[in-house]
Amino acid sequence: MAGMDKAFADENVLLDAQPEHYVMVGQPDGTVHIVENVGPHICSFYLGSWSAEAMAWAADADERLPEAEFPYKKATNLYLADGTVVGRVLIQFGDTAEGFTSSLTVYLPTSCPESVLEHHLRHFAVEFRNWIVASAAARA
């Protein structure tokens, strides 16, 4: 798919990472349509492209970590089909002697119930752990 981040090229890998994923389909413009559980809610939204424009809002984010320790950074917006931004993601990675370290941040509206935020923190941790384990196994 032209313009699509290769990390989103295999829907099976994306779905396998988290039992709460139902759809993770890359779009020709580089976005990804996602349907997943967030708390007790089934949500349909789009993950925008990992672009310089999306990184601009992250430049001032309090969670942005030092470039020397976390040189690999990506940011994107989460939005509805009508274009309404409903969240943002900032991921940061740095090399260590043992492998790597990461900081994974999701921004949701302040009106979001605490229970949904807590659920999504666990959801994010499970999916990234499973992607990392699957990637390590594929490289072995």
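Residues numbered from 1 in each chain as written. Predicted model: local features only at pLDDT ≥ 70, side-chain atom pairs only at ≥ 80, totals over all residues. Heavy atoms only, no water.

Draft legend 1. Seen up close, the side chain of N37. Summarising the element assignment, N37 is placed in strand β2 (residues 32–38). Leaving out residues up to four positions away in the same chain, N37 has contacts with E20, Y22, I42, H119 and H123. (Helix = DSSP H or I, 4+ residues; strand = E, 2+ residues; numbered from the N terminus. Contact = heavy atoms within 4.5 Å.)

Draft legend 2. Here's a closer look at the environment of E127. Relative to the helices and strands, E127 resides in helix α3 (residues 114–139). The contact partners of E127, leaving out residues within four places of it in the chain, are A17, Q18, H21 and E36.

Draft legend 3. Up close: the side chain of T76. Tracing the backbone through its elements, the reader meets T76 in strand β4 (residues 72–79). Here the side chain of T76 touches G48 through a polar contact of 2.7 Å, landing on its backbone oxygen. Polar contacts involving the side chain of T76 include one to the main-chain carbonyl oxygen of S49, which spans 3.1 Å. (Polar contact = N/O pair within 3.5 Å; in protein donor to acceptor, adjacent residues only side chain to side chain.)

Draft legend 4. Examining the pattern of salt bridges more closely. Counted under the stated rule, the structure contains one salt bridge. For K73, the salt bridge is made with E67, and the minimal N-O distance between the two is 3.7 Å. Looking at E67, the relative accessible area reads 46%, which means it is partly exposed. (Salt bridge = Lys/Arg side-chain N within 4 Å of Asp/Glu carboxyl O. Buried < 20%, exposed > 50% of the residue type's maximum accessible area, 1.4 Å probe, protein only.)

Draft legend 5. Spatial organisation of the sheet that holds β4. The sheet built from six strands is open, its strands ordered β1-β2-β3-β4-β5-β6 with antiparallel pairing. Only two strands of the sheet have a single neighbouring strand rather than two, namely β1 (21–26) and β6 (99–107). Here the strands of the sheet are splayed against their neighbours by 25° on average, with no regard to which way each runs. Pairing between strand β3 (residues 41–47) and β4: two bridges, direction antiparallel. Within the sheet, the bridge partner assigned to Y46 lies in β4 and is Y79. Contacting β1, β2, β3, β5 (85–96) and β6, α3 runs over the sheet at an angle of about 120° to β2. (Pairing = 2+ DSSP bridges. Axes fitted to C-alpha atoms, helices over the stretch in contact; angles between N-to-C directions.)

Draft legend 6. Spatial organisation of the packing of aromatic side chains. Tallying each qualifying case throughout the model produces four aromatic pairs. Each ring, one from F128 and one from W131, has its centre 5.1 Å from the other, and the planes form 75°; the classification is edge-to-face. Within this pair, F128 and its partner W131 are both found in helix α3, separated by three residues, close to a single helical turn. The same class applies to F128 as to W131, namely buried. An aromatic cluster of at least three residues, connected via ring pairs, comprises F124, F128 and W131. (Phe/Tyr/Trp six-rings, centres within 6.5 Å; stacked < 30°, edge-to-face > 60°.)

Draft legend 7. Here's a closer look at the environment of D95. For D95, the position within the fold is in strand β5. Look at D95 and you get exposed, because its relative accessible area is 56%. C-alpha separation for the pair D95 and P71, spaced 24 residues apart in sequence, amounts to 8.5 Å. Leave out the neighbours within four places in its chain, and D95 touches E69, Y72 and F100. Within the structure, the side chain of D95 is placed 3.4 Å from the side chain of Y72, a separation counted as a polar contact.

These figures come from the coordinates and say nothing about function on their own.
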